[in-house]
Amino acid sequence: MSEKNEEGKRAARDRLVQQREREKALERRRRTLIVSTAVVGVLALAAVIGVIAANSGGKGEKATGEGPVVAPSGVTGKDGLAIPVGADRAPSTLTIWEDFRCPVCAQFENAFRDTIHQLESSGQLKVEYHLATIIDGNLGGSGSLDAANAAACAQNVGNFSAYHDVLYRNQPAETDDAFGKSSKLIELAGKVQGLDTPAFRSCVEDGTHNSWVQKSNTAFQNGGFQGTPTALLNGESIFPKKGNEPITVANLKKWVTEANKGKQPAKVTPSPTGS
């Protein structure tokens, strides 16, 4: 009888171990894991992309997307959901879908920011940013929505790129909904020359572009993307790799050079950097 009891206990322990392994596997699939290393100035990123929950409807203190859609100035693309940075006639376009609360987005931006800006300023690349609110939906809060609205407010006065960079440099922990506070977003605007104005403050506090941000997030959900960040060079996915090559600073430059072969870089008109 004791032998049967021991077998029963072992079977129960085995089932418990298997259940825990299944739960761990589900968690690994839900998260995006990224490893970043710097070697002789070349940063390599290796990532395992997980499927992020499709439902994202964070509840915040401000309006969460109801009401008329008010797009920020200068938006382009299908349904006017892309915020362009760089020369219009650049021979290649990098499309990026991001969430300001997404930690992997911050790692991507902090790793590739300088390279992307160099390619923009030399007329080789135009970037089209699309904003999503995935983390609000997964963890609650409204920081993804509110930060995206604030970035759209900055776009109205030509300071999107500088403010976008400030937000990622000062991103709170994923579970900290600090971006859900207008006071924090306005404080960070002080790091961008000329951005903290009464008009900007009103735009942030009123959630002027919330419905536009929610429309962008819906487009993300319907786009079949695996998660944020999503990066597409001329429509081809390059994150975490392009074909069999992982994304690195060197590879990104190489891919843009290859895509631009035989094409002239665009003439670049200086724009405010503000940071």
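This one's a predicted model, so the numbers in the text were calculated from it and none came from an experiment. (Residues numbered from 1 in each chain as written. Predicted model: local features only at pLDDT ≥ 70, side-chain atom pairs only at ≥ 80, totals over all residues. Heavy atoms only, no water.)

A. Quick look at the overall build of the chain. In terms of helices and strands, the chain carries nine helices and nine strands. The buried share among the 275 residues of the chain stands at 47%. Roughly 13900 Å² of accessible area belongs to the chain as shown, and the carbon and sulfur atoms make up 50% of that amount. (Helix = DSSP H or I, 4+ residues; strand = E, 2+ residues; numbered from the N terminus. Buried < 20%, exposed > 50% of the residue type's maximum accessible area, 1.4 Å probe, protein only. Areas by Shrake-Rupley, 256 points an atom, 1.4 Å probe, with all protein chains shown as cover.)

B. Examining the packing of aromatic side chains more closely. Scanning the model with the defined rule gives eight aromatic pairs in all. For the ring pair Phe100 and Tyr168, a centre distance of 5.1 Å and an interplane angle of 35° mean the geometry is tilted. Of this pair, Phe100 sits in the loop between β4 (92–98) and α2 (103–121) while Tyr168 sits in helix α5 (residues 160–169); the two residues are 68 residues apart in sequence, bridging distant segments of the chain. Each member of the pair, Phe100 as well as Tyr168, is classed as buried. Put simply, the rings of Trp97, Phe220 and Phe225 pair up and form one aromatic cluster. (Phe/Tyr/Trp six-rings, centres within 6.5 Å; stacked < 30°, edge-to-face > 60°.)

C. Quick peek at the nonpolar core. Counting residues in hydrophobic clusters, the biggest one holds 55 residues, and the most contacted among them are Phe100, Ile116, Tyr163, Leu167 and Phe200. Not counting residues within four places of it along the chain, the set of residues in contact with Leu167 comprises Phe100, Ala147, Ala151, Phe179, Leu185 and Leu188. (Core = buried A, V, L, I, M, F, W, Y, C linked by side-chain atoms within 4.5 Å. Contact = heavy atoms within 4.5 Å.)

D. Geometry of the sheet that holds strand β3 (residues 83–85). In spatial order, the strands read β3-β5-β4-β6-β7; together these five strands make up an open sheet with mixed pairing. In the strand order of this sheet, the two ends are held by β3 and β7 (236–237), each with one partner. In terms of strand pairing, β4 meets strand β6 (residues 230–233) through four bridges, oriented antiparallel. Residue pairing across strands places Trp97 opposite Thr230, the latter belonging to β6. (Pairing = 2+ DSSP bridges.)

E. The state of the cysteines, seen in detail. In this structure the tally under the stated criterion is one disulfide. Each sulfur in the disulfide pair Cys153 and Cys203 lies 2.1 Å from the other. Handedness here is read from the sign of the S-S torsion; for Cys153 and Cys203, about -85°, the answer is left-handed. Here the residue Cys153 occupies a position in helix α4 (residues 143–155), and Cys203 occupies one in helix α7 (residues 198–206), the gap between them amounting to 50 residues. This pair shows no difference in class: Cys153 is buried, exactly as Cys203 is. (Disulfide = S-S within 2.5 Å.)

F. How the structure looks around the packing of α2 against α5. The interhelical angle for the contact between α2 and α5, taken along N-to-C directions, is 140°, at an axis separation of 9 Å. Overall, the two elements α2 and α5 adopt an arrangement that is oblique. Taken as a pair, α2 and α5 cross one another with a handedness that is left-handed. Of α5, the residues touching α2 (which contributes Cys105, Ala106, Glu109, Asn110, Arg113 and His117) are Ser161, His164, Asp165, Tyr168 and Arg169. (Axes fitted to C-alpha atoms, helices over the stretch in contact; angles between N-to-C directions. Parallel < 35°, antiparallel > 145°, perpendicular 65-115°, else oblique. Left-handed = near helix turned anticlockwise from the far one by under 90°.)

G. Just the pairing of β4, in detail. Taking burial as the measure, the seven residues of β4 include seven buried ones, the bulk of the element. In β4, alternate side chains face the same way, and those of Ser92, Leu94, Ile96 and Glu98 on one face and Thr93, Thr95 and Trp97 on the other are all buried. Across seven bridges, β4 lies against strand β5 (residues 125–131) in parallel orientation. When the bridges of β5 are listed, Thr93 appears paired with Lys126. Following the chain from β4 across α2 to the adjacent parallel β5, one finds a crossover that is right-handed. (Right-handed = clockwise from strand over helix to strand, strands pointing away.)

H. Region of interest: the side chain of His209. As for its position among the elements, His209 is in the loop between α7 and α8 (210–221). Exposure remark for His209: the relative accessible area of 2% places this residue in the buried category. Among the polar contacts listed, one links the side chain of His209 to the side chain of Asn156, at a separation of 3.0 Å. Sequence-distant contacts of His209, defined by excluding residues within four places in its chain, comprise Val70, Ala71, Pro72, Asn149, Ala152, Cys153, Asn156 and Cys203. (Polar contact = N/O pair within 3.5 Å; in protein donor to acceptor, adjacent residues only side chain to side chain.)

I. Spatial organisation of the packing of α4 against α8. Across the interface, α4 lies against α8 with an axial gap of 9 Å and an inter-helix angle of 115°. With respect to α8, the element α4 is oriented roughly perpendicular. The handedness of the crossing between α4 and α8 comes out as right-handed. On α8, the residues touching Leu145, Ala148, Asn149 and Ala152 of α4 are Asn210, Trp212, Val213 and Gln214. Of the residues belonging to the contact of α4 with α8, the class tally is five nonpolar, three polar and no charged. (Nonpolar A, V, L, I, M, F, W, Y, C, P; charged D, E, K, R; others polar.)

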